[in-house]
Amino acid sequence: MTKLTMLTTVAVLTMSATTALAEGETVGFSQIGSESGWRAAETTLTRQQAEERGIQLQFSDAQQRQENQIAAIRSFIAQGVDAILLAPVVATGWDAVLEEAAEAEIPVVLLDRQVDSSEDLYLTAVGSNLVHEGEVAGQWLVDEVAGEECRIVELQGTTGSSPAIDRKTGFENAIAGHDNLEIVRSQTGDFTRAQGKEVMESFLQAENGGQDICALYAHNDDMAVGAIQAIKEAGLKPGEDILIVSIDAVPDYFQAMAAGEANATVELTPNMAGPAFDALEAYWADGTMPEKFIQTESRLYTAADDPAGEYERRKDLGY
Ligand code: AHR
């Protein structure tokens, strides 16, 4: 896209904002799927937020396939929705469909994951600093092992997704320069509990029944919960024999922490829709352009942070 075309696109989007209605809007939501407890909570909260604001939500579950997301976005464009929320399963391959949305003057808001397209092709992105999440997880482990030798296995998220790429980078940043820490095996578990368990089983087998593993770093809690099961079935104590650090802060992981079977997690809020709808409402009202990135917080929880209480506080929130 040329600079002129990009500027024109922004101008067209701004003009359309001033003429949009502030109430009764229709928003298409292309969700990745239901691969994790966190994802389920994001879906629940998006539906709740839409209902509270009188927004008609058209929901599409892509079953973790990018082609389904692209088809859903094209269908939203054909329906003439007022905005599109997109949680992109992978980072690449969005240019054509985002250009179609821009040509149709429909603002797109990215939720929880990033794309490698031009920023001019979406209104804003709501999400956490994914590299920072990995850094927080890695720093926790650096501090926890306090100079002891530690062989780490890593369960990566969906290949090609921005959280898998960035959480890996962040963790590697944190352990760089600490020669006592080494990632000895790393494989995708696709953010699911079932694959987390399956891949952990293969790690355990390859690492002397798990005797040679000091810690697991999982890119999300669901994979960690699956891995915990595998560790128990191998006759080891998760959280003691193998330290476990992960990301999301879902209720099931807090339950594992309360039982001493997991050690730390970095919170990712599932309420991406609240800030997204706030930005869209301001945009519809008077064309206010939001920041390109609306960042949510990333907080570390350990066993010292009342995991049983956190479980109780979160268990009915749609996870
Ligand atoms: O993009 C956010 C990630 O996607 C969450 O950490 C994970 O649970 C989900 O599948």
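Residues numbered from 1 in each chain as written. Predicted model: local features only at pLDDT ≥ 70, side-chain atom pairs only at ≥ 80, totals over all residues. Heavy atoms only, no water.

J.: Where do I start with the sheet that holds strand β9 (residues 243–248) in this structure?
T.: Pairing between sheet strands relies on hydrogen bonds along the backbone, with the strands arranged either parallel or antiparallel. Overall, mixed pairing links the six strands, which are arranged β7-β6-β8-β9-β10-β12 in an open sheet. Each edge of the open sheet is held by one strand with a lone partner, namely β7 (181–188) and β12 (300–302). Sheet twist, expressed as the mean angle between neighbouring strand axes with direction ignored, is 20 degrees. Bridge count between strand β8 (residues 215–218) and β9: three bridges; the pairing is parallel. By the bridge assignment, A215 is partnered in β9 with L243. Contacts from helix α8 (residues 221–233) reach β6 (150–156), β8, β9 and β10 (264–267) within the one sheet, and its direction differs from that of β9 by about 155 degrees. Of the strands in this sheet, β9, β10 and β12 touch helix α9 (residues 251–258), which is tilted by about 155 degrees from β10. (Pairing = 2+ DSSP bridges. Helix = DSSP H or I, 4+ residues; strand = E, 2+ residues; numbered from the N terminus. Axes fitted to C-alpha atoms, helices over the stretch in contact; angles between N-to-C directions. Contact = heavy atoms within 4.5 Å.)

J.: Mind showing me how you'd approach the pairing of strand β4 (residues 108–111) here?
T.: Within a regular beta strand, the side chains point alternately toward one face of the sheet and then the other, so they alternate between its two faces. Alternating positions in β4 separate into two faces, V108 and L110 on one and V109 and L111 on the other, with burial throughout. Sheet topology note: the strand β3 (residues 83–86)/β4 ladder contains three bridges and is parallel. Residue pairing in the sheet places L85 in a bridge with V109 of β4. As for the winding sense of the linkage, the β-α-β connection from β3 through helix α4 (residues 95–103) to β4 is right-handed. Pairing between β4 and strand β5 (residues 124–127): three bridges, direction parallel. Counted as the bridge partner of L111 is V126 from β5. (Buried < 20%, exposed > 50% of the residue type's maximum accessible area, 1.4 Å probe, protein only. Right-handed = clockwise from strand over helix to strand, strands pointing away.)

J.: Sorry, what's going on with the pairing of strand β1 (residues 26–31) here?
T.: Most of β1 is tucked away, with five of its six residues classed as buried. Note: β1 against strand β2 (residues 56–61), six bridges, orientation parallel. Each bridged residue has a counterpart across the sheet, and for F29 the counterpart in β2 is F59.

J.: When you look at empty space enclosed by the protein in this model, what are you seeing that I'm missing?
T.: If a probe the size of a water molecule is rolled over the atoms, the empty space left behind becomes visible. What the rule picks out here adds up to two cavities of 30 Å³ or more. Computed from the structure, the largest cavity encloses a volume of approximately 100 Å³. As for the largest cavity, its lining consists of 13 residues, of which W38, R39, R113, R167 and D248 are closest to the centre. (1 Å grid on protein atoms, 1.4 Å probe; cavity = no way out; pocket = protein on both sides within 12 Å on 5 of 7 lines; lining within 4 Å. Points joined across faces, edges and corners; volume = space filled by probe spheres on them.)

J.: What should I look at first to understand the site of the ligand in this one?
T.: In the vicinity of the ligand, the residues found are E35, S36, W38, R39, D112, R113, P163, R167, F191, N220, D248 and L268. Here an oxygen atom of the ligand and a side-chain polar atom of R167 are 2.8 Å apart. Within the side chain of N220, one N or O atom sits 2.9 Å away from an oxygen atom of the ligand. In isolation the ligand exposes 280 Å². Once the protein is present, 100% of that is buried. Among the detected pockets, the ligand sits in the largest cavity. Mapped onto the shell around the ligand, the elements with two or more residues apiece are α2 (37–52) and α6 (162–175). Counted by class, the shell around the ligand contains four nonpolar, two polar and six charged residues. (Near = heavy atom within 4 Å. Polar contact = N/O pair within 3.5 Å; in protein donor to acceptor, adjacent residues only side chain to side chain. Areas by Shrake-Rupley, 256 points an atom, 1.4 Å probe, with all protein chains shown as cover. Sits in = over half its atoms within 2 Å of the grid points. Nonpolar A, V, L, I, M, F, W, Y, C, P; charged D, E, K, R; others polar.)

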